[in-house]
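A structural walkthrough
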Amino acid sequence: MDVRTRCWHAGETVALLNSVAMIALFVISGCSNSQSDVSDTTSNSKPDGFGDAVTAESIPAGNALPVTAEETTATELDSNATGKVTGPESQTSSGGSAASGTPAGSTGLTLANPPSEQKPIISPGLSPQTLKKLLADIDYNLRVLMSGQSGISDPQEARKKLLNYINMKLEASRNLATHEDSSAMEKSQGARGELQAMSHLASVGNVKVAEELEKLAQKNLSSKDASLVSDSRLILIGFSLEDLKNGKTGAATDIVRQFQQMKDAQTKPDVPTLMIMGMAREDLNNAGFTEEAQTVREMILELYADSPDPAIAEMAASMAGSVTFEKIEKQRAALVSETPEVDKKVTVDEWSRSVETLIEEAPDLQTAQYLAAAALEFEGLQREDLVDATYKALSDNFGDSSSAISKEINVAQQARKARKEVIGKDFRWNLPGTDGQYVPISQFAGKLILMPFWPQGFPSSLGIVPQLKKIRDEYPDKVVIVGVNLDPEGIDVQPFINKSQLDFVSFRSESSPSREISNQIAHDFGMVSLPFVAILDETGVIRSLNFTGRNLDTQVMNLITQ
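Residues numbered from 1 in each chain as written. Predicted model: local features only at pLDDT ≥ 70, side-chain atom pairs only at ≥ 80, totals over all residues. Heavy atoms only, no water.

**Overview of the overall build of the protein**
The following threshold applies: Secondary structure elements are defined from DSSP: runs of H or I of at least 4 residues count as helices, runs of E of at least 2 residues count as strands, and each element is numbered from the N terminus. Each residue is placed in one exposure class: buried if its accessible area under a 1.4 Å probe, protein chains only, is under 20% of its type's maximum, exposed if it is over 50%, and partly exposed if it falls in between. Residues count as neighbours in contact if any of their non-hydrogen atoms are within 4.5 Å of one another. The protein chains shown are the only cover counted for residues, whose accessible areas, like all others here, come from Shrake-Rupley with a 1.4 Å probe.
Along the protein, the regular secondary structure elements total 21 helices and 5 strands. Per-residue burial over the protein gives 51% buried out of 562 residues. Of the contacts made within the protein by residues no fewer than 6 positions apart, 71% connect residues no fewer than 24 positions apart. Surface accessibility of the protein: about 25900 Å² in total, with carbon and sulfur atoms responsible for 49%.

**A few points about the environment of Ala172**
When you line up the elements, Ala172 lands in helix H4 (residues 155-178). Along the backbone, Ala172 and Pro124 are 48 residues apart, and their C-alpha atoms lie at a distance of 9.4 Å. When residues no more than four places from it in sequence are discounted, the contact partners of Ala172 are Ile122, Leu131, Leu134 and Leu135.

**Digging into the nonpolar core**
Under the convention used in this document: To form a nonpolar core, buried Ala, Val, Leu, Ile, Met, Phe, Trp, Tyr and Cys residues must be joined to one another through side-chain atoms within 4.5 Å.
Ile122, Leu134, Ile138 and Leu213 are the most contacted members of the largest nonpolar core, which totals 32 residues. Among the secondary structure elements, those contributing two or more residues to this core are helix H3 (128-147), H4, helix H5 (184-203), helix H6 (207-220) and helix H7 (226-245).

**Comments concerning the packing of aromatic side chains**
Heads up, the condition is: Stacked, edge-to-face and tilted are the three classes for Phe, Tyr and Trp ring pairs, Trp counted by its six-membered ring, which pair at centre distances within 6.5 Å; planes under 30 degrees apart are stacked, over 60 edge-to-face, the rest tilted. Here, a charge over a ring means that NZ of Lys or CZ of Arg falls within 6 Å of the ring centre while also lying within 35 degrees of the ring normal.
Tallied over the entire structure, the rule returns 9 aromatic pairs. The structure contains a cluster of three or more aromatic residues connected by ring pairs, namely Phe427, Trp429, Phe453, Phe507, Phe525, Phe532 and Phe547. Sitting over the ring of Phe547, Arg419 keeps its end group 5.2 Å from the ring centre. Note that Arg428 overlies the ring of Trp429, its terminal NZ or CZ placed 4.4 Å from the centroid.

**So, the pairing of strand S3 (residues 505-508)**
Convention followed: Two strands pair under a simple rule: DSSP has to find at least two bridges between them. A crossover gets the label right-handed when its path from the first strand over the helix to the second runs clockwise, viewed with the strands pointing away from the viewer.
Where strand S2 (residues 479-485) meets S3, 4 bridges bridge the pair, whose relative direction is parallel. Each residue of the ladder has a partner; that of Gly483, found in S3, is Ser506. In terms of handedness, the path from S2 via helix H19 (residues 494-500) over to S3 forms a crossover that is right-handed.

**Digging into the sheet that holds S3**
To be explicit about the condition: Orientation is described by axes fitted as lines to C-alpha atoms, over the contacting stretch for helices, and by angles from 0 to 180 degrees between their N-to-C directions.
The sheet built from 5 strands is open, its strands ordered S3-S2-S1-S4-S5 with mixed pairing. Strands at the two margins of the open sheet, each flanked by one partner only, are S3 and strand S5 (542-546). The sheet shows a mean angle of 25 degrees between the axes of neighbouring strands, direction not considered. Strand contacts of helix H18 (residues 465-474): strand S1 (448-454), S2 and strand S4 (533-536), with the helix running at about 150 degrees to S2, the strand carrying the most contacts. Packed on one face of the sheet, helix H21 (residues 552-560) meets S1, S2, S4 and S5 and runs near 170 degrees to S5.

**Let's talk about the packing of H7 against helix H9 (residues 271-286)**
Put simply, the rule reads: Reported orientations rely on four angle classes, namely roughly parallel under 35 degrees, roughly antiparallel over 145, roughly perpendicular from 65 to 115, and oblique for the rest. Should the near helix be turned anticlockwise from the far one by less than a right angle, the crossing is termed left-handed; should it be turned clockwise, right-handed. Three classes are used, and their members are as follows: Ala, Val, Leu, Ile, Met, Phe, Trp, Tyr, Cys and Pro are nonpolar, Asp, Glu, Lys and Arg are charged, and the others, Gly among them, are polar.
Packing of H7 against H9 leaves a shortest axis separation of 11 Å and a crossing angle of 15 degrees. Classified by the angle their axes make, H7 and H9 are roughly parallel. Crossing of H7 against H9: the hand is left-handed. Across the interface between the two elements, Ser230, Leu234, Ile237, Leu241, Leu244 and Lys245 from H7 touch Pro272, Thr273, Ile276, Met279, Ala280, Asp283 and Leu284 from H9. Residue composition of the contact of H7 with H9, by class: 9 nonpolar, 2 polar and 2 charged.

**Describing helix H8 (residues 251-264)**
For clarity, the threshold we go by: Given a helix with a known number of residues, its expected span is that number minus one, times 1.5 Å. In this description, one arc is meant: the one made by directions from the helix axis to the C-beta atoms.
Across its 14 residues, H8 extends 20 Å between first and last C-alpha, which sits within 8% of the 20 Å expected from 1.5 Å per residue. Those residues of H8 that fall on the buried side of the exposure criterion are Ala251, Ala252, Ile255, Val256, Gln258, Phe259 and Met262. Buried residues in H8, looked at end-on, bunch into an arc of 160 degrees, giving them a common side. More than 90 degrees from the buried face of H8, the exposed residues found are Thr253 and Asp264.

**Remarks on unusual backbone geometry**
The linkage connecting Leu530 with the following residue, Pro531, adopts the cis geometry, with an omega of 5 degrees. At Gln382, a position not held by glycine, the phi torsion is positive, near 60 degrees. Tracing the backbone shows Gln382 in the loop between helix H15 (365-380) and helix H16 (384-397). For Gln382, a relative accessible area of 64% gives the class exposed.

**Considerations on H6**
In an α-helix, one turn spans 3.6 residues; hence positions three or four apart end up facing the same way. What counts here: Polar contacts here mean pairs of N or O atoms no more than 3.5 Å apart (in protein, one a potential hydrogen donor and the other a potential acceptor; neighbouring residues in sequence count only if both atoms are side-chain atoms).
Helix length check: H6, at 14 residues, gives a terminal C-alpha distance of 20 Å against a target of 20 Å (1.5 Å per residue), a fit within 8%. Listed in full, the buried residues belonging to H6 are Val207, Val209, Ala210, Leu213, Leu216, Ala217 and Asn220. Capping the start of H6 is the job of one residue whose side-chain oxygen sits 3.4 Å from the backbone nitrogen of Lys208: Asn206.

**Observations concerning the packing of H3 against H5**
Remark: H3 packs on H5, axes separated minimally by 12 Å, with the N-to-C direction vectors making an angle of 30 degrees. What the angle tells us is that H3 and H5 run roughly parallel. As H3 runs across H5, the sense of the crossing is left-handed. Counting all contacts with H3, which are made through Pro128, Lys132, Leu142 and Met146, the residues of H5 involved are Glu186, Gln189 and His200.

**Notes on the environment of Thr267**
Examined against the element boundaries, Thr267 turns out to sit in the loop between H8 and H9. Between the C-alpha atom of Thr267 and that of Ala226, which follows or precedes it by 41 residues, the distance is 7.1 Å.

**Looking at the pairing of S4**
Side chains on a regular strand alternate between the two faces of the sheet. Burial of S4 is two-sided: the residues Val533 and Ile535 facing one way and the residues Ala534 and Leu536 facing the other way are all buried. Note: S1 against S4, 4 bridges, orientation antiparallel. Residue Leu450 lies in a different strand from S4, and its bridge partner there is Ile535. Linking two consecutive strands that pair antiparallel, namely S4 and S5, is a turn of 5 residues; a positive phi of about 90 degrees is found at Gly540 within it.

What follows is the structure, encoded as structure tokens:
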């Protein structure tokens, strides 16, 4: 593959980096790679993918229009607009229309009023402040064009406007980076904007710009600007990933080396880097470089797995790749099989060793969630020895109380504590029925009460009802079903009850996500999974809980025969 073809494809890779990492569409006045961008970065992505990439094929009209010399320059800004600038910060508060591409309080640069095509020069007299606001407007309109929400039906016209805006961004960024009145931060914003604009042009097939982009990114590595260095290294990693796909010798080693340099530089870990590391790990693994892929995976976990932001910690678990749970999963399946000849083959010590090995290989949120779920199953089978062993390993290995993993473990342990403490207590919650009428628990005195917790939005919560009805019908004089509905406040559940033919009374305990404890009774009972059934004796005392569906008949029979 010759250098021109390589740069063309590398430009597509760079566009992918910019798309998933939100590098290419940052608002230049606030350009940063911060962890707070995770909600924007991941809003349309699935855990195992990066969403749609902005490549040459996804630009309107594809490659139907060649990139010409005229399209690789910027366009003049009407100097009369400079007096109308109020800044990009007003865009979100004043309700600019995505369809029209008009950010309120801007330079006046909109999709309806695009840059002129006659004089491809931005006035050199623009101040840094005006250049920043101009760049904010350009980024806004680029987002509208790339999202397909511009309302422009002619793909060639959309592509032409897109190129005009990209070229204008390139010129404005360079002016900001070299302006004698620009602050150090503004020069940094300009330099990073230049990388972004060149990446856009490379993505639509401008080979010359792609070649210049690689050279510029390499040159930027010697900058004292950490953000510029980080952006430049991500772009170089994009070129290295393309080399990897093309079978270039040393590409895999080069990718790992560049990530190691980023790590050694001790720059603040950010979402764009996490996503690129995840993509690189997958590409390395697919190309057969398993050792290098594992190295990148370990870096991901080291940098991100203990993030205090649960969204980032979960993303890190996904980007690090799925772990093979085969051995420990077989042990878990054996332990919960309720088949003596099977579960006795796995001792507590063997389970503990497997837990430790799993945590060592994958110290991430995914592992913590898996083990907490396994502990819940063991608790349902009254295997407290296995529960204790599992939580001991989790607590010993995840000691940072500020991390999302530790918080997840703490929530699970607190729920377990609540489940223990509620046993033996009277049912003391004074709740109305779903029809609004208050029904005292004493009304059911003399009968064993099977109490399923259920919201209508979770069918699994009602999956156990046939089993409950079977027990009730077998002991009609001794057993009654009384549910607890957990649907959010304001929802009328009675139509659902009628349609589903739920022939039992249910208390109504409204949930509210705005409260610190969204549902008090669910919290007090330690409910963390569905189905969930509380069993009360004839006097209204909580005697047992069931959250697996197993052994329910045995639990009821033991209480009936006491």
